[in-house]
Amino acid sequence: MAGRGVGCLWKRHVVEQLKQRDRVQRQAFEEIIHQYNRLLERSDLQVVFSERLQTDKYEHQNRHDLSPGVDGGRSDSLQQEMAQMRIKHQEELTELHKKRGELAQNVIELNNQIQQKDKEIQSNEAKMLDYHQQISRLEGECRDLRNSLSDLERANQTLRDEYDALQITFSALEEKLRKTLEDNQELVTRWMAEKAQEANRLNAENEKDTRRRQAKLQKELADAAKEPLPIDQDDDIEVLSEDAGKATGETSPSRQLNRTPSKRVSQPPPLPPGGLLDSITNIFGLSDSVQPGFVPSDSRRRRSVNSFGSSPEAAEAQSACADVRVPSTALHIFDAHDGEVNAVRFSPGSRLLATGGMDRRVKLWEVVSGRCEPKGALTGSNAGITSIEFDSAGTYLLAASNDFASRIWTVDDLRLRHTLTGHSGKVLSARFLLDNARIVSGSYDRTLKLWDLRSKVCMKTVFAGSSCNDIVCTEQCVMSGHFDKKVRFWDIRAESIVHELELLGRVTSLDLNHDRTDLLTCSRDDLVKIIDLRSNAVRQTFSAQGFKCGSDFTRVTFSPDGSYVAAGSADGVLYIWNVLTGKLDKTLDKGHSSAINAVSWSPSGAFVASVEKGSKAVLWSDM
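Scoring rules and cut-offs
- Residues numbered from 1 in each chain as written.
- Predicted model: local features only at pLDDT ≥ 70, side-chain atom pairs only at ≥ 80, totals over all residues.
- Heavy atoms only, no water.
- Pairing = 2+ DSSP bridges.
- Helix = DSSP H or I, 4+ residues; strand = E, 2+ residues; numbered from the N terminus.
- Axes fitted to C-alpha atoms, helices over the stretch in contact; angles between N-to-C directions.
- Buried < 20%, exposed > 50% of the residue type's maximum accessible area, 1.4 Å probe, protein only.
- UniProt positions renumbered as here; feature names shortened; annotations may be inferred.
- Phe/Tyr/Trp six-rings, centres within 6.5 Å; stacked < 30°, edge-to-face > 60°.
- Polar contact = N/O pair within 3.5 Å; in protein donor to acceptor, adjacent residues only side chain to side chain.
- Contact = heavy atoms within 4.5 Å.

1. Observations concerning the sheet that holds strand S13 (residues 457–463)
Pairing is antiparallel across the open sheet formed by four strands, whose spatial order is S10-S11-S12-S13. Pairing within the sheet leaves two strands with one partner each, and these edge strands are strand S10 (427–432) and S13. On average, each strand axis in the sheet is inclined to that of its neighbour by 20 degrees, with strand direction left out of account. Where strand S11 (residues 438–443) lies against strand S12 (residues 447–452), five bridges are found, and the strand directions are antiparallel. Each residue of the ladder has a partner; that of Val-440, found in S12, is Leu-450.

2. Considerations on unusual backbone geometry
A positive phi angle, close to 70 degrees, is found at Arg-446, a residue other than glycine. Positive phi outside glycine occurs at Asn-536, with the angle close to 55 degrees. Exposure remark for Asn-536: the relative accessible area of 28% places this residue in the partly exposed category.

3. Remarks on the UniProt feature "repeat: WD" (unreviewed entry) in the protein chain
Feature annotation in UniProt assigns "repeat: WD" (unreviewed entry) to the following positions: residues 334–375, 378–419, 420–461, 556–587 and 589–623. A distance of 14 Å separates the end C-alpha atoms of residues 556–587, which is 0% helix and 50% strand. For residues 589–623, the helix share is 0%, the strand share is 49%, and the end-to-end C-alpha distance is 17 Å.

4. Digging into the packing of aromatic side chains
Summed over the entire model, instances satisfying the criterion amount to six aromatic pairs. A centroid spacing of 4.8 Å and a plane angle of 55 degrees characterise the contact between Phe-334 and Trp-365, whose relative ring orientation is tilted. Of this pair, Phe-334 sits in strand S1 (residues 329–335) while Trp-365 is found in strand S4 (residues 362–368), placing the two residues 31 residues apart along the sequence. With respect to burial, Phe-334 and Trp-365 carry one shared label: buried. Taken together, Phe-542, Phe-547, Tyr-575 and Trp-577 form an aromatic cluster joined through their ring pairs.

5. Some details on the side chain of Thr-557
Position of Thr-557 among the secondary structure elements: in strand S22 (residues 557–558). Residue classification places Thr-557 among the buried residues on the basis of a relative accessible area of 8%. A polar contact of 3.3 Å, which involves the side chain of Thr-557, links it to the side chain of Asp-511. When neighbours within four sequence positions are excluded, Thr-557 is seen to be in contact with Asp-511, Leu-520, Tyr-564, Val-565, Ala-566, Val-599, Ser-600 and Trp-601.

In structure tokens, the structure reads:
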């Protein structure tokens, strides 16, 4: 009904506008039309007069012909009068025709203007129709927007209510957390106080025990000093030769003793075996020095101590270089991850194989009878894995990730233990130091960070000046390979660069031999080099026709005894060089279908594992 009323209104408006236009334009042209009608009437009247004059002329001529003599003079005057009237009428007719032509021209122009106005009216009507359609469409959109606005207001009100509820819950939880922290602080304070009391009690008991031993020793020494033992010639003295004493270690009962009577003196009560020596050594803390198999404390301090625990793999790793075999066959080809596989590493005992991929997982595989059986997956990373390493006991696994963090898991229960965050770029490599209580990480943000796993904090940050692609560590030195083609040697204690060595291409990988005297490097100039760490100079360079470094993160490896080098190529071929001869020993091309990203040689020397940009991993051996 509303649409029909709107249609009637605009039609009525158009009719009124047309009537108004007729009134305005008709007033302007009414006089012209009136004059035109009068001219038409006069023209018709002139035609009638002309016809009548023509008739009178014929009649007059006929009468003149009948009576030429009588009416001659009168006829002449009449003819002159008729001629004048004809001329006058002719002029009036000409003037009327002229006005008629002008009026006709005006009428034509007015008709053209009327047609033009009609076209404009039609155009305006079409525009008005379009405008009405747009108005209708916009009204519909306005209604939709009002409905949407009302829905959004309701949703907003709902969200506000939820926010208020969450705020209340958050306040309650925050208060609960504060109380929990206060309780925790109180418990810690009480625990510390009890620990301090226990320590004081133990210290007091130790001090009492020390004073008691000192008093006992002083008494024994005083008693020994009070009772001298004079030796007379009459005493019964057993004389033994040094050789006999050494041979038998005791007095033979059948051996005759030369005795002479002597004056007997009272002997002090015998001390328990080793009693005096034990007392002295206990006082001065030297009891260990007389124990068989004692290792001095300085030697103990120099040993590599695993702060996280021990594992049977630690004993297996001691004989890692027993038998190194050059692989020749792909024992097992399997899909390791959903997507690209970036890292691979054997455990110290060679029983486990770890792989890391772009699917944000570290997977553990148990090497059984030449096959890799899945053992579990380590989760927690928010981006692809770039580097993997086991600690020296095989108890913990360290992985670097593209989410700017490094993480540590326990291998037995597959639990995430530590997450080390602080880098502002992808962490491309992370390594345990030899004490297993600290790690070093290198990142795309051009920094190296030293982390203490006891306090779980970053101890040092060193700016390297270039993206760090890989890291290896000795006891006090960290070696890093960088995007600017340099290998940098860092002193951990001084936080400074000890030495720099520039290669011909971007450094993609570093590895140390078992003796930590040689550094293996791989770079984007498709060369694998060995650097002698005693002279800090390149000792050997390996290359081969067809070998090409596939990425900025291609990892190469030494064999456990350092006599071979293994590297994967961009064409999926595994290359193995002999370090002693410097020549290519073997190429293995039946296993991978894409570029090899990383290679790892098992510490037992029996297996080599390689992973690729596809999803596959290959276990190699000579079996």
